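Observations on the three-dimensional arrangement
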Amino acid sequence: MTVAKKKQPLRKCVVTQEMLPKNELIRIVRNKDGEVFVDETGKMNGRGAYLSKDKTIIEKAKKSNILNKQLNTSVDESIYQELLDKVGDS
């Protein structure tokens, strides 16, 4: 008997516009109070945007302020630093 493989949810990276499996992306969330977080679980409430787990993509997002546009708020420098720390040298 074959076990049905669970379908991998795809999400779009806001920088590259590529559809990728959810586990290859990092989610950034703005909640209703206007606070911005890096969402480890992928389940936090609020407006979410996805970025590829890639240093160059995160730096591109920072330069172009794309997260500010996607989340309709100003994203703090510390969020980008947290993203870069999470990605490390992978």
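Quick note: structure is the one above.
Notes on the structure in this doc start here. (Residues numbered from 1 in each chain as written. Predicted model: local features only at pLDDT ≥ 70, side-chain atom pairs only at ≥ 80, totals over all residues. Heavy atoms only, no water.)

1. What to know about the sheet that holds strand β5 (residues 47–52)
Worth spelling out the cut-off: Any two strands with at least two DSSP-identified bridges between them are counted as paired. Helix and strand labels come from DSSP, where a helix needs a run of H or I of at least four residues and a strand needs a run of E of at least two; each type is numbered from the N terminus. To define axes, lines are fitted to C-alpha atoms, for helices over the stretch in contact only, and angles between the resulting N-to-C directions are given on a 0 to 180 degree scale. Contacts were defined at the residue level, with two residues in contact if any of their heavy atoms lie within 4.5 Å.
The sheet built from three strands is open, its strands ordered β4-β3-β5 with antiparallel pairing. Strands with a single pairing partner mark the edges of an open sheet, and in this sheet they are β4 (36–39) and β5. Strand after strand, the sheet turns through a mean of 25° between neighbouring axes, direction not considered. As defined by bridge partners, strand β3 (residues 25–30) adjoins β5 across six bridges and the pair is classed as antiparallel. Each bridged residue has a counterpart across the sheet, and for V29 the counterpart in β5 is G48. Here helix α3 (residues 77–87) sits on the sheet and contacts β3, β4 and β5; the angle it forms with β4, its principal contact strand, is near 10°.

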